[in-house]
Amino acid sequence: MQHLIKIPVKQDGKYHQNFEWNSEQYKKLIAVFCSPDVQLALVFNDGREVFIRNFDFQKTKSVPPNSRVMFINKELENEVITGVLSIQNLESEDKAVYLILEK
Amino acid sequence: MGKPEFIVQTMDAIITSNSIHEIKEHLDSDFTHLVGIAISDIHCSDKSIINLVKVKGIDILPENFEAAHIITSKNVEPNKKFYTMFQPVIINGDEISVKFTDTEFSATTSDYRLQIFLLLTNNPENINRAAFN
């Protein structure tokens, strides 16, 4: 069974926003996606394992929704997932990172 | 004749402003699982927000989910328009409630009909494997 989790990232006038999230209830991170038009960096294992470095998530309406995610398929061991969202327009609305997880 | 493997149920609302519109409907009682959701790219803006999708008190999508993630253009094959990567919800003719906001609707925007498509099935595992992933 897949669970979809939203990590809201407040837009407060900076080009880079940090976030962190504790994965303790979940066994596996299947995939990730973000608000349109942001770049994502995603890090595991107390900052030692970089999975994604500034990857672009763009508006892609011509692609099936299930194919707009980035598949990761990483086993989780009660760890904190951290990351950075980078935006290009300071006047844009709040953003979010979405994790697709298995319990 | 047996029941079909799945059905696409449509919810309609006329969008008239940039405020929250609530749509409620009972799900088809011949089907046991809600497994997918889609919006076709006809009128609503890319900045639209799905404030809430709820069945039996369960949130299907996170609150204030950006509609852009499930809006598809005409180029996408019909059976691949659905977003299905959430936990299938067991249903039994329950009411579904959707709250939707088109944040870019302005005084110069014409009213339009929003259509939200729901994918229902009795075999949630088969439907994902066969056609939608």
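This text goes with the structure placed above it.
A brief structural summary. In this text, all values refer to a predicted model and were calculated from it rather than measured experimentally.

### Quick notes on the overall build of chain B
Each helix and strand counted, chain B has one helix and ten strands in total. Put simply, chain B runs from its N terminus to its C terminus through helices and strands in the order β-β-β-β-β-β-β-β-β-β-α. Against the compact-globule benchmark of 14 Å for 133 residues, chain B has a radius of gyration of 15 Å, which places it among compact chains. Once the C-alpha set of chain B is aligned to its principal axes, its extents read approximately 50 × 35 × 30 Å. Once local pairs closer than 6 in sequence are excluded, the contacts in chain B between residues at least 24 apart make up 81%. On chain B, roughly 6,400 Å² of surface is accessible, and the fraction owed to carbon and sulfur atoms is 48%. When the 11 basic and 18 acidic side-chain charges of chain B are each reduced to a single mean position, those positions are 3 Å apart.

### Focus: the side chain of S35 of chain A
One can find S35 of chain A in the loop between β3 (28–34) and β4 (38–44). Among the polar contacts listed, one links the side chain of S35 of chain A to the backbone nitrogen of A96 of chain A, at a separation of 2.8 Å. Of note is the side chain of S35 of chain A, whose polar atom sits 2.4 Å from the side chain of E66 of chain B. Leaving out residues up to four positions away in the same chain, S35 of chain A has contacts with F57, K95, A96 and Y98 of chain A together with E66 and H69 of chain B.

### Quick notes on the pairing of β3 of chain A
Residues and elements named next belong to chain A. The buried fraction of β3 is high, at six of seven residues. Bridging between β3 and strand β6 (residues 70–75) involves four bridges; their strand directions are antiparallel. If you follow L29 over to β6, its bridge partner there is K74. For β3 and strand β8 (residues 95–102), the ladder comprises six bridges, and the chain directions are antiparallel. Within β8, the position partnered with F33 by the bridge is Y98.

### Section: the pattern of salt bridges
Residues and elements named next belong to chain B. Applying the stated criterion across every chain, the model contains eight salt bridges over all chains. D12 is the partner of R113 in a salt bridge, and the nearest nitrogen-oxygen pair spans 2.6 Å. You can see R113 sitting in strand β10 (residues 112–121) and its partner D12 sitting in strand β1 (residues 6–15), a full 101 residues away along the chain. D12 gets classed as partly exposed once you look at its relative accessible area, which sits at 34%. Among the salt bridges present, the one from K80 reaches E77, with a minimum N-O distance of 4.0 Å.

### Observations regarding the side chain of Q9 of chain B
Residue and element names in this part refer to chain B. Tracing the backbone shows Q9 in strand β1. Overall, Q9 belongs to the buried group, its relative accessible area being 11%. Separated by 2.9 Å, the side chain of Q9 and the backbone oxygen of H26 make a polar contact. Setting aside residues no more than four positions away along its own chain, Q9 makes contact with E25, H26, L27, D28, I116, F117, L118 and L120.

### A word on the interface of chain A and chain B
If you look at the interface, chain A gives 24 residues, while chain B gives 28 residues. Of the roughly 2,200 Å² buried between chain A and chain B on both sides combined, carbon and sulfur atoms contribute 57%. Applying the counting rule to chain A against chain B returns one salt bridge. At the boundary of chain A and chain B, one finds twelve residue pairs in polar contact (both at pLDDT 80 or more). Among the elements of the structure, β1 (2–9), β3 and β8 of chain A are those that each provide at least two residues to the side of chain A that touches chain B.

### Examining the nonpolar core
Counting 64 residues, the largest nonpolar core has V97 of chain A together with Y83 of chain B as its most contacted members. V35, F117, L119 and I127 of chain B belong to the second largest nonpolar core, which has six residues in total.

### Examining the environment of F117 of chain B
All names here are of chain B. Within the fold, F117 resides in strand β10. C-alpha separation for the pair F117 and S40, spaced 77 residues apart in sequence, amounts to 8.3 Å. F117 has contacts with V8, Q9, T10, G36, I37, A38, I39, S40 and F82, leaving out every residue within four places of it along the chain.

The rules behind the values
- Counting starts from 1 at the beginning of each chain's written sequence and moves along it residue by residue.
- As a convention, the first chain written is A and the first ligand written is 1, with the rest following in written order.
- At least 70 in pLDDT is required for a residue's local features to be given in this predicted model, at least 80 for side-chain atom pairs to be given and counted, and no such filter applies to totals for whole chains, interfaces and linings, which use all residues.
- Side-chain metrics in this entry use all non-hydrogen atoms of the structure; hydrogen atoms and water are not considered.
- Strands here are runs of E lasting at least two residues and helices are runs of H or I lasting at least four, both read from the DSSP assignment and numbered beginning at the N terminus.
- Radius of gyration: over C-alpha atoms. The globule rule applied is 2.2 Å multiplied by the number of residues raised to the 0.38 power.
- Contacts are assigned to residue pairs with any non-hydrogen atoms lying within 4.5 Å of each other.
- Working definition of accessibility: Shrake-Rupley area with a 1.4 Å probe, residue cover restricted to the visible protein chains.
- Positive: Lys, Arg. Negative: Asp, Glu. His and the chain ends are not part of the count.
- By convention, the charge on Lys lies at NZ, on Arg at CZ, on Asp at CG and on Glu at CD.
- We call two N or O atoms a polar contact when they sit within 3.5 Å, provided that within protein one can donate a hydrogen and the other can accept it, with sequence-adjacent residues counted only if both atoms are side-chain atoms.
- Note on classification: 1.4 Å probe, protein chains only; a residue is buried when its accessible area is under 20% of the maximum for its type, exposed when over 50%, partly exposed between these limits.
- Strand pairing is assigned whenever DSSP identifies at least 2 bridges connecting the two strands.
- By convention in these notes, a salt bridge is any Lys or Arg side-chain nitrogen within 4 Å of a carboxyl oxygen on Asp or Glu.
- Here the quantity called buried area is the accessible surface, traced with a 1.4 Å probe, that two parts lose on coming together, added over both.
- For the purposes of this section, nonpolar cores are sets of buried Ala, Val, Leu, Ile, Met, Phe, Trp, Tyr and Cys residues that join through side-chain atoms within 4.5 Å.

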